[in-house]
Amino acid sequence: DVKVTQSSRYLVKRTGEKVFLECVQDMDHENMFWYRQDPGLGLRLIYFSYDVKMKEKGDIPEGYSVSREKKERFSLILESASTNQTSMYLCASSVNTEAFFGQGTRLTVV
Amino acid sequence: GENVEQHPSTLSVQEGDSAVIKCTYSDSASNYFPWYKQELGKRPQLIIDIRSNVGEKKDQRIAVTLNKTAKHFSLHITETQPEDSAVYFCAASRDGGYQKVTFGTGTKLQVIP
C-alpha cells in the first residue's frame with residue numbers, strides 16, 4: 001500500500017510564527033502536492049513538485065513556500081502564519097495520475 | 001488554467017435511490033477525470049476514473065460518463081447505501097509528464113436509511 005504520512009494531525013500556532021508542515025511518501029513518486037481544504041471551496045492547490053528541487057505554484061501560493069530536497073519529502077512552509085491560513089492541509093503524491101493523500105493536518109492559527 | 005465546477009454542493013437521497021453528481025471543466029486539453037470519495041475524518045480516496053478516449057465506465061454500483069464536446073462528466077451511484085454517505089470530489093488533469101490536478105468544490109452526499 002502507498003503510504004503518505006503528514007507529520008502532525010493537529011497544530012495550533014500563533015500569528016506571525018513560521019510553520020512547517022512535513023509530508024513523506026514511501027512509493028518513490030515523482031509528483032507531490034499540497035492542498036488546503038475549506039468548506040465549500042473544495043481542495044485548492046497551493047504548490048506542487050514534479051522532481052527534487054523543482055516546484056510550481058498552484059492556484060493559491062500566496063503566503064506559502066515549499067521545499068523538496070529529497071524525493072520522498074515535501075514540506076510546506078508558512079512564512080508568517082495568519083488567521084486566514086487556519087485550514088485543513090492535505091499532502092498528496094502521485095504516479096501517472098491517481099493521487100494518494102495523507103491524513104491531513106488541521107492547522108489553527110490564533 | 002483549468003477550472004472545474006461541481007454541482008450540487010449537497011445531495012440527500014433515500015437509501016436505494018440513485019445519486020448523480022455533475023462536473024464541468026474548462027481546459028479542452030484535460031484528458032483524465034478522477035472521482036474521489038472522502039468519508040468523515042478520512043483522507044480522499046480514488047473510487048473511479050475515466051480518460052477522454054472513453055465515454056462511460058462502470059464499477060459495480062458506480063459509473064462515470066464523459067461528454068468531451070460539452071466538457072462535462074458525471075458520477076452515477078445506483079442503489080445507494082448508508083456507507084455511500086461522504087463528500088465526493090471530481091477532478092481534471094492532463095495525462096502524462098507531471099500533472100496538475102484541479103478539483104471541484106465537492107458534493108456532500110447523505111443517504112437516508
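Residues numbered from 1 in each chain as written. Chains lettered and ligands numbered in written order. Predicted model: local features only at pLDDT ≥ 70, side-chain atom pairs only at ≥ 80, totals over all residues. Heavy atoms only, no water.

J.: Lay out the pattern of salt bridges with the relevant residues and their values.
T.: Throughout the structure, instances matching the rule amount to 12 salt bridges over all chains. A salt bridge links E39 of chain B to K37 of chain B; the nearest nitrogen and oxygen atoms lie 3.4 Å apart. With a relative accessible area of 30%, E39 of chain B lands in the partly exposed category. K42 of chain B is the partner of E39 of chain B in a salt bridge, and the nearest nitrogen-oxygen pair spans 3.8 Å. Each of D28, E30 and K71 of chain A takes part in a single network of salt bridges with overlapping partners. (Salt bridge = Lys/Arg side-chain N within 4 Å of Asp/Glu carboxyl O. Buried < 20%, exposed > 50% of the residue type's maximum accessible area, 1.4 Å probe, protein only.)

J.: Could you give me a rundown of the interface of chain A and chain B, with the residues and numbers involved?
T.: Each side of the interface is counted separately: chain A has 24 residues, and chain B has 18 residues. The contact between chain A and chain B buries some 1,800 Å² in all, and 55% of this surface belongs to carbon and sulfur atoms. Per-residue buried area on chain A facing chain B is highest for L43, T97 and F101 of chain A; these three make up 31% of the total on that side. In this assembly, chain A and chain B are joined by one salt bridge. A salt bridge links D59 of chain A to K100 of chain B; the shortest N-O distance between them is 3.0 Å. The tally of links between chain A and chain B comes to seven residue pairs in polar contact (both at pLDDT 80 or more). Elements that contribute at least two residues to the side of chain A that touches chain B include exactly β4 (31-38), β5 (42-51), β9 (87-94) and β10 (99-101) of chain A. With five residues, β5 of chain A is the single largest residue contributor to the side of chain A that touches chain B. (Contact = heavy atoms within 4.5 Å. Buried area = accessible area lost by both parts, 1.4 Å probe. Polar contact = N/O pair within 3.5 Å; in protein donor to acceptor, adjacent residues only side chain to side chain. Helix = DSSP H or I, 4+ residues; strand = E, 2+ residues; numbered from the N terminus.)

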